[in-house]
Amino acid sequence: MTQQPTLDRREIVPQLFPRPQDYLIITGLAGSAKDGAALTNDGDNLFTMAGTMGSAVSVGLGVALAAPESQVAVITGDGELLMNVGALATVASMAPDNLTIVCIDNGCHGETGGQRGHTSRRTDLAVMAAGAGLPSTMTLSTAGQVEAAAKFLTEAPAPRFLVIRVTDGPPASFKRNLDPAACRLRFRNAYLKSALKSA
Amino acid sequence: MAHPDKNAWSAQIFNHLVDAGVTLFAYVPDAGNARIIELADAHNEARSVLLTCEEEGVALCAGADLVGKRAVLCMQSSGVGNCPNFLSHVKGGRFPILMVVSMRGDYGEQNPWQYPMGQAVEPLLKAMGVLVFRVEEPEDLEPATNAAIAAAFRAGHGAALVLSQKFLGAKAF
């Protein structure tokens, strides 16, 4: 990566999801969870993690396959994604047309002190996702590309994968519910209730 | 030693899973689950999901549960060693994860590489809150399958149906 990132994740994520209520949102742990919680006000269409690093894409794929009528968004980070990067091949093979993956790439492990990660060296996650077989991939690195990225998230053939190159600045500040069993029930009950209503 | 017919017991497990509402069959290929996956691929309402690593399957089953659907994770016992951190979804999140584990590294194993993980399967699953239902003899299959399904989908536990090599037959080297 030759250019230093300039984008602030706290500004970009809400611009990319102007209507977060239209998605079932699964986030990984740490920064992506806080960004997701701020985006939805820790809403009942959101399931965040605070452990199980690497599982966000796979949880999101499970949701997407089991709820084909819903739009599903996974928000993850570069460190988390690389921990279970084979999941991208599974996503490509299953090819759910309702799954969007957004990777907030700050090039470091922000939660543990900002230690440099592979994407600040030589690794390009969009290329890896394309190599895994995802039909649509894009990298967002400048403010001028935000509109195109928002369009990509709604119009590019799914499953789609967007990398946002951001600075190593902090994620959104948000105190979310950290009880996984309570969060499971909250999400599940809200989904089943809305599915019942629309049935 | 005669072992039970693979087509017959695979169909028995598969039918119970379908009757319990399982629609997603996540798997890493193994001789022990090959027929179950073929049956899933041939079934109208079931779908198989090929994984790169077993831990993905734990997360995928959790995702299906988040929207009220049921999934199963089929794998060889070596793959249990790839799952522990993601099994926090079971122990902490009370996701009802159901696994079908075909054993290596137990009764009759000839490959020394298989013993360390094979012998660690049960302690590891138990450490992460997954109940173990073992099949050693043909007559164990029906009750153990029913018990594992009940523990997962009625009682909300992590549950593993463990098919021993005594039941499956050990691979020759």
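Residues numbered from 1 in each chain as written. Chains lettered and ligands numbered in written order. Predicted model: local features only at pLDDT ≥ 70, side-chain atom pairs only at ≥ 80, totals over all residues.

Remarks on helix α5 (residues 87-94) of chain A
Going by this rule: Put simply, a residue is buried when 20 or more other C-beta atoms lie within 10 Å of its own C-beta and exposed when 12 or fewer do; between those, it is partly exposed, and each C-beta is set from the backbone. Only DSSP runs of H or I with at least four residues qualify as helices, and only runs of E with at least two residues qualify as strands; both kinds are numbered from the N terminus onward. Summarising the geometry, the arc corresponds to the directions from the helix axis toward the C-beta atoms. Here, residue contact means that the backbone-derived C-beta atoms of the two residues sit within 7 Å.
Taken residue by residue, α5 of chain A has A87, L88, T90 and V91 of chain A as its buried positions. In an axial view of α5 of chain A, the angular spread of the buried residues amounts to 160°, which keeps them on one side of the axis. On its buried side, α5 of chain A packs onto α3 (56-66), β4 (99-105) and α6 (125-132) of chain A together with β2 (47-50) and α3 (54-66) of chain B. Phi for A95 of chain A, located one or two positions after α5 of chain A, is positive at around 50°.

Observations regarding the interface of chain B and chain A
Applied cut-off: Under the convention adopted here, Pro, Cys and the residues Ala, Val, Leu, Ile, Met, Phe, Trp and Tyr are nonpolar, Asp, Glu, Lys and Arg are charged, and Gly plus all remaining residues are polar.
The partner chain A presents 27 residues to the 27 residues of chain B that form the contact. Contributing elements (two or more residues each) for the side of chain B that touches chain A: β2, α3 and α4 (88-91) of chain B. Of the residues forming the side of chain B that touches chain A, the biggest block, nine residues, is contributed by α3 of chain B. A class-by-class count of the residues in the side of chain B that touches chain A yields 15 nonpolar, eight polar and four charged.

Focus on the environment of G43 of chain A
Residue and element names in this part refer to chain A. Secondary-structure assignment places G43 in the loop between α2 (30-40) and β2 (46-47). For G43, a count of 15 C-beta atoms within 10 Å corresponds to the partly exposed category. The spatial distance from the C-alpha of G43 to the C-alpha of L24 is 10.0 Å, given a sequence separation of 19 residues.

A look at the sheet that holds β4 of chain A
Residue and element names in this part refer to chain A. What counts is decided by this rule: Here the rule is simple: two strands pair whenever DSSP picks up at least two bridges between them.
A sheet is described by the order of its strands in space; here six strands give the open sequence β2-β1-β3-β4-β8-β7, paired in parallel fashion. Pairing within the sheet leaves two strands with one partner each, and these edge strands are β2 and β7 (136-140). With six bridges joining them, β4 and strand β8 (residues 160-165) adopt parallel strand pairing. Considered in β8, the bridge of I104 is made with I164.

Some points on the packing of α3 of chain A against α3 of chain B
Each pair of packed helices can be summarised by the angle the axes make with each other and by the distance between the axes. To keep things clear, this is the line we draw: Note on geometry: axes are C-alpha line fits, over the in-contact stretch for helices, and angles between N-to-C directions span 0 to 180 degrees. We call two directions roughly parallel when the angle between them is under 35 degrees, roughly antiparallel when it is over 145, roughly perpendicular when it lies between 65 and 115, and oblique otherwise. The sense of a crossing depends on the near helix, which, turned anticlockwise from the far helix by less than a right angle, makes the crossing left-handed and, turned clockwise, makes it right-handed.
Their axes nearest at 6 Å, the elements α3 of chain A and α3 of chain B cross at an angle of 45°. Overall, the two elements α3 of chain A and α3 of chain B adopt an arrangement that is oblique. Every pair of crossing elements has a handedness; the one defined by α3 of chain A and α3 of chain B is right-handed. Here S58, V59, G60, L61, G62, V63, L65 and A66 of chain A of α3 of chain A come into contact with α3 of chain B, specifically with E56, A59, L60, C61, A62, G63, A64 and L66 of chain B. A per-class count over the contact of α3 of chain A with α3 of chain B returns eleven nonpolar, four polar and one charged.

Some details on the confidence of the model for chain B
We apply this condition: For every residue, the predictor states its confidence as a pLDDT score lying anywhere from 0 to 100.
Averaged over chain B, the pLDDT score is 96; the fraction of residues at 70 or greater is 99%. This complex was scored by the predictor with a pTM of 0.97 and an ipTM of 0.97.

Examining the packing of α3 of chain A against α5 of chain A
Residues and elements named next belong to chain A. The geometry of α3 relative to α5 is characterised by a closest axis approach of 9 Å and an angle of 15° between their N-to-C directions. With respect to their mutual orientation, α3 and α5 come out roughly parallel. Note on packing geometry: the crossing formed by α3 with α5 is left-handed. Contacts from V57, S58, L61 and L65 in α3 reach A87, L88, T90, V91 and M94 in α5. Residue composition of the contact of α3 with α5, by class: seven nonpolar, two polar and no charged.

Some points on the pairing of strand β4 (residues 98-102) of chain B
All names here are of chain B. Judged by how many residues are buried, β4 sits mostly within the fold: five of five residues are covered. As paired strands, strand β3 (residues 70-76) and β4 are joined by four bridges and run parallel to one another. Across the sheet, L73 pairs through a bridge with M99, a residue of β4.

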